[in-house]
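# Understanding the architecture of this molecule
Read off the chains here:
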Amino acid sequence: MKKEISELKHILGQYFVWNKARLDCFTRMLLALFVARTVNLSEVAAVMASGAAMSSRYKRLQRFFSQFRMDYNVIARFIFKLFFSGQKIYLAMDRTNWFWGKTKINILTLAVAYEGAAIPLFWCLLNKAGNATAAEHRAIIVRFINIFGKDCIAGILGDREFASGKLFEFFNKNQLPFYIRIKEGSNVKVKDKKFYTAQKLFSGLNLRGKSEFQMSIRLYGEEVYFAGSRSERGELMIVATNQMPKNAIAIYLRRWEIETLFSCLKGRDFRFEETHLVNRDRIKKMMALLAIGFCWAHKTGEWRATKKPIRLCQHHDSLRPQNSYLRYGIDYIRDLIVNPFKKIAEFRQAVTVFRSDTTP
């Protein structure tokens, strides 16, 4: 395991200018995360490679989360460079939340839609239950723009929580394309004369049908376009955009990729909800660990699939991949860590995916 730690620490040390003790702790913790498959620090400490007693390992992890100051902009740049270079991207905003005891953990996240599972870039811990405000929505987008600019943004995606006049005004003022779902009962104004509810504009839409409203509409005092679709169960979905609405529904549906991200982080892959941390600053650091682990597994799964394609399985009337890129990568990395018969050269290849300029 010493060689694996050394290889991973060498690669991460090229991006993160941390002192040796912090980098060593983070590296060991990242490897232990893939073995334990949970963020519970007791479980992570139990499988963490170290000659120290388990109680000492646990205290070391506690000190990391309580004392280390992390530059999240550096982490965002690192992740962005791994996946994106020069292409237009869709940003998805959403929250994930749960209770630990009586404490509500509420995380607002900005991620990039990518291959079915969004890649996390920025996150902030809200000091309340419930929705974030328009100011908080704007702040996390401004963080992205300050680092990466706005020219790479093809669209910003969000569900009904993000439909507000203040946010739409911000998008229009800064010429940021957006695709936001709105509530059916939202009041709109057509031709600056007649008032309708948004759902009335699509009252004639059939089951499984889609259509676009062919003129601009005033919503929350801002000029937007509408596209609508109705599910086979009759549920109406209306998407507001400041772009031509022809492909608005298809673009908006990519928002689901951030839900997939949350499912991966909170589900059996990493079991985020098992953390006993309640301090917001410490949970934010834990999210950074998970984000890097998620990206490592995803990139490894992509690379591994080029060498050994993911098996397709019959699902009803179609063939589907047996595993996602993430699952494929997690299983491969875990096998490299726990299997003593694997060679260090194989692990070195898996670590090399962290270098965006190198193909393993």
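Note that the coordinates shown come from a computational prediction; the quantities given were computed from them, not determined experimentally. (Residues numbered from 1 in each chain as written. Predicted model: local features only at pLDDT ≥ 70, side-chain atom pairs only at ≥ 80, totals over all residues. Heavy atoms only, no water.)

### Quick notes on the packing of aromatic side chains
- Counted by the stated rule, this structure contains 28 aromatic pairs.
- Ring centres of Phe-64 and Phe-68 lie 5.2 Å apart, and the angle between their planes is 45°; this geometry places the pair in the tilted category. Taken as a pair, Phe-64 and Phe-68 share a single burial class, namely buried.
- Over the ring of Tyr-72 we find Lys-284; its NZ or CZ atom is 4.5 Å from the centre of that ring.
- The ring of Phe-83 carries the charged tip of Lys-299 above its face, separated from the ring centre by 5.2 Å. (Phe/Tyr/Trp six-rings, centres within 6.5 Å; stacked < 30°, edge-to-face > 60°. Buried < 20%, exposed > 50% of the residue type's maximum accessible area, 1.4 Å probe, protein only. Lys NZ or Arg CZ within 6 Å of the ring centre and 35° of its normal.)

### Some remarks on the environment of Phe-122
- Tracing the backbone shows Phe-122 in strand S3 (residues 119-125).
- Phe-122 sits 114 residues away from Leu-8 along the chain, and the two C-alpha atoms are 23 Å apart.
- If we skip the residues at most four places from it in the chain, Phe-122 touches Asn-73, Ala-76, Leu-108, Thr-109, Leu-110, Ile-140, Arg-143, Phe-144, Ile-147 and Phe-148. (Helix = DSSP H or I, 4+ residues; strand = E, 2+ residues; numbered from the N terminus. Contact = heavy atoms within 4.5 Å.)

### A closer look at the pairing of strand S10 (residues 222-230)
- Among the nine residues in S10, seven count as buried, and that is most of the element.
- Bridging between strand S9 (residues 217-219) and S10 involves three bridges; their strand directions are antiparallel. Bridge pairing in S10 places Leu-219 opposite Glu-222.
- Linkage of S9 to S10, two consecutive antiparallel strands, is achieved through a turn of two residues, within which Tyr-220 is found at a positive phi near 55°.
- Sheet topology note: the S10/strand S11 (residues 236-241) ladder contains six bridges and is antiparallel. (Pairing = 2+ DSSP bridges.)

### A few points about the packing of helix H10 (residues 280-307) against helix H12 (residues 344-352)
- Two elements in contact, H10 and H12, have axes whose closest approach is 9 Å; the angle formed by their N-to-C orientations is 110°. Accordingly, the angle class assigned to the pair H10 and H12 is roughly perpendicular. Where H10 approaches H12, its residues Trp-296, Thr-300 and Trp-303 are matched on the opposing element by Phe-347, Gln-349, Ala-350 and Val-351. (Axes fitted to C-alpha atoms, helices over the stretch in contact; angles between N-to-C directions. Parallel < 35°, antiparallel > 145°, perpendicular 65-115°, else oblique.)

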